[in-house]
Amino acid sequence: MTLSEPTIRRGRPRDTAKDEAILQAAGDLFMEHGYEAVSLDAVAQRAGVSKATIYARYADKDALFAAVLRQECERAVSLDSFSPDPNQSVRDTLIVLATRFLDLVTGDKAMQMNRVIVAETARAPRMAELFYETAVLTLKNRFAAWLRAETVRGRLNVRDPDGAAWRYLGGVKVEAHMRASFGLPPVEPARLKDHIEAAADEFLRAHA
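Small disclaimer: the values here were computed from a predicted structure and weren't measured.

Student: Go over the side chain of arginine 57 with me, naming the residues and quoting the values.
Tutor: Following the sequence through the fold, arginine 57 ends up in the loop between helix H3 (51-55) and helix H4 (61-76). Here aspartate 19 takes part through its side chain, which lies 2.5 Å from a polar atom of the side chain of arginine 57.

Student: Describe in detail the packing of H4 against helix H6 (residues 108-120), supporting the description with residues and values.
Tutor: Where H4 contacts H6, the axes come no closer than 12 Å and their chain directions differ by 145°. In the crossing of H4 with H6, the sense of the turn from one axis to the other is left-handed. Of the residues in H6, those in contact with Phe65, Leu69, Glu72 and Cys73 of H4 are Lys109, Met113, Val116 and Ile117. When the residues that make up the contact of H4 with H6 are grouped by side-chain class, the tally is six nonpolar, no polar and two charged.

Student: Residue-level account of the packing of aromatic side chains, with values.
Tutor: All chains considered together, the criterion is met by seven aromatic pairs. Relative to tryptophan 146, the ring of phenylalanine 143 lies with its centre 6.0 Å away and its plane at 15°, an arrangement referred to as stacked. Taken together, the positions of phenylalanine 143 and tryptophan 146, both in helix H7 (residues 125-153) and three residues apart, correspond to about one turn of that helix. With respect to burial, phenylalanine 143 and tryptophan 146 carry one shared label: buried. Ring geometry for tyrosine 168 versus phenylalanine 203: centroids 5.3 Å apart, planes at 65°, classification edge-to-face. Residue tyrosine 168 is located in helix H8 (residues 161-181), and its partner phenylalanine 203 is located in helix H9 (residues 189-207); the two are separated by 35 residues in the primary sequence. Both residues of the pair, tyrosine 168 and phenylalanine 203, count as buried. Each member of the aromatic cluster is reached from another via a ring pair, and the members are Phe143, Trp146, Tyr168 and Phe203.

Student: Outline the layout of surface pockets, listing residues and values.
Tutor: Size it by volume and the largest pocket reaches roughly 570 Å³. Forming the walls of the largest pocket are 24 residues, and the residues nearest its centre are Phe101, Val105, Phe131, Ala135 and Val136. At the level of elements, H4, helix H5 (90-106), H6, H7 and H8 are the ones that each hand at least two residues to the lining of the largest pocket. Within the lining of the largest pocket, the residues separate by chemical class into 15 nonpolar, four polar and five charged. Roughly 380 Å³ of volume is contained in the second largest pocket. The wall of the second largest pocket is formed by 19 residues, among which Leu102, Thr106, Ala176, Pro186 and Leu192 lie closest to the centre. Here the element with the most residues in the lining of the second largest pocket is H5; it accounts for five residues.

Student: Please provide a residue-by-residue account of empty space enclosed by the protein, values included.
Tutor: All chains considered together, the criterion is met by one cavity of 30 Å³ or more. Together, Leu23, Gln24, Gly27, Asp28, Met31, Gln71, Glu72, Arg75 and Lys109 line the largest cavity. Of all the secondary-structure elements, those providing two or more residues to the lining of the largest cavity are helix H1 (16-33) and H4. Among the elements that take part in the lining of the largest cavity, H1 stands out by supplying five residues, more than any other. For the lining of the largest cavity, a count of residues per class yields two nonpolar, three polar and four charged.

Student: Tell me about the pattern of salt bridges, residues and numbers included.
Tutor: Using the criterion set out here, one finds 14 salt bridges in the structure. For aspartate 19, the salt bridge goes to arginine 57, with nearest N and O atoms at 2.5 Å. In this pair, aspartate 19 sits in helix H1 while arginine 57 sits in the loop between H3 and H4, placing the two residues 38 residues apart along the sequence. Arginine 57 carries the same exposure label as aspartate 19, and that label is buried. Linking arginine 123 and aspartate 62 is a salt bridge whose minimum nitrogen-to-oxygen distance equals 3.1 Å. Within this pair, whereas arginine 123 is found in the loop between H6 and H7, its partner aspartate 62 is found in helix H4, the two being separated by 61 residues in sequence. The exposure class assigned to aspartate 62 is buried, which follows from its relative accessible area of 5%. Connected through shared salt-bridge partners, Glu36, Asp62, Glu120 and Arg123 make up one network.

Calculation rules
- Residues numbered from 1 in each chain as written.
- Predicted model: local features only at pLDDT ≥ 70, side-chain atom pairs only at ≥ 80, totals over all residues.
- Heavy atoms only, no water.
- Helix = DSSP H or I, 4+ residues; strand = E, 2+ residues; numbered from the N terminus.
- Polar contact = N/O pair within 3.5 Å; in protein donor to acceptor, adjacent residues only side chain to side chain.
- Axes fitted to C-alpha atoms, helices over the stretch in contact; angles between N-to-C directions.
- Left-handed = near helix turned anticlockwise from the far one by under 90°.
- Contact = heavy atoms within 4.5 Å.
- Nonpolar A, V, L, I, M, F, W, Y, C, P; charged D, E, K, R; others polar.
- Phe/Tyr/Trp six-rings, centres within 6.5 Å; stacked < 30°, edge-to-face > 60°.
- Buried < 20%, exposed > 50% of the residue type's maximum accessible area, 1.4 Å probe, protein only.
- 1 Å grid on protein atoms, 1.4 Å probe; cavity = no way out; pocket = protein on both sides within 12 Å on 5 of 7 lines; lining within 4 Å.
- Points joined across faces, edges and corners; volume = space filled by probe spheres on them.
- Salt bridge = Lys/Arg side-chain N within 4 Å of Asp/Glu carboxyl O.

In structure tokens form, the structure reads like this:
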């Protein structure tokens, strides 16, 4: 089975409050119980709408889940979360971006989403593709664009911004993300701070 695209059906002007209530209710239920255990009846009840109201917007449960996933990804990698200050030093910006990135990928909601996606990937591989394209690639592309801009400014010398972005983000998240994935206690704040600063310093040595 393939994941339906989150296309909202045409018709009379939509009630945006109901749109938000449906997505909020569906998101909460999917994260709490997983995809299979959630029915559209349950979503309608929690959102305070009829099931017909949901069907007027989404073709089926797959389409609703895709809409929830897209919304959560867009929130996670919003411009507000990744908007470097041009007057900040490169080192400080690397540290800030790494810190925000870890907050996003190891937070409770991120881990809940990850578990649901992994559970559903075999049934609907488009789900994983949607997450990858909307969240992961967007985040990497914004970081790579900043690296290109800083290279033009002369503050960095990055020949392969996309590769450098992957290596930095991947290196930053390894232990913290693995511990969160296995439900282990998080890395101690002081040690995590040292790790992020060391990653930034190593990046600068390679690309200054």
